Amino acid sequence: ATQMPVPDTGSIRGDLRQRFTDVIEFNNSDPGRAYLRTLIAESVRDPRIAALYRAANDQVEAGVREMFARGMSRGEVRPDANVDAAAQVLAGILLLRTIAAVPVPAAEDVDSLVDLVLTGVTA
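Residues numbered from 1 in each chain as written. Predicted model: local features only at pLDDT ≥ 70, side-chain atom pairs only at ≥ 80, totals over all residues. Heavy atoms only, no water.

Undergrad: What should I look at first to understand the pattern of salt bridges in this one?
TA: Should their charged atoms come close, side chains of opposite charge can pair. Within the structure shown, the criterion is met by 12 salt bridges. Two residues, Asp15 and Arg70, come together in a salt bridge whose shortest N-O distance is 3.0 Å. Of this pair, Asp15 sits in helix 1 (residues 12-27) while Arg70 is found in helix 3 (residues 47-73), placing the two residues 55 residues apart along the sequence. With a closest N to O distance of 3.3 Å, Arg65 and Asp84 form a salt bridge. With Arg65 in helix 3 and Asp84 in helix 4 (residues 83-99), this pair connects stretches of sequence that are 19 residues apart. Relative accessible area serves as the criterion here: at 32%, Arg65 is assigned to the partly exposed category. For Asp84, a relative accessible area of 39% puts it in the partly exposed group. Within this structure, Asp8, Asp15, Glu66 and Arg70 form a network of salt bridges that share partners. (Salt bridge = Lys/Arg side-chain N within 4 Å of Asp/Glu carboxyl O. Helix = DSSP H or I, 4+ residues; strand = E, 2+ residues; numbered from the N terminus. Buried < 20%, exposed > 50% of the residue type's maximum accessible area, 1.4 Å probe, protein only.)

The structure is reproduced here in structure tokens:
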């Protein structure tokens, strides 16, 4: 799969919206669904495929950490934020829902997912 570019919209909210939109659109396409299902099945079956997935995912997470670092430098993100967990939220949701045969998030879910990452669930 071709690497998605790291968004740089000028805000962490804009960057996350763009990244989540790109990932969700891909994973709701026929090739995206097939890719994710195959990736999960083959990663469980073959440790070499799992290692390739980890390497690719490390690159994706590095891009997300870059987005959060820019957000920190702009004062939008707390310096002690758990960036690794924030970077894994969307991938975790996609993998879990695919394994459980539950529909993955749709385009209309992007804003609520970005809110979850940026503000959590507190009132």
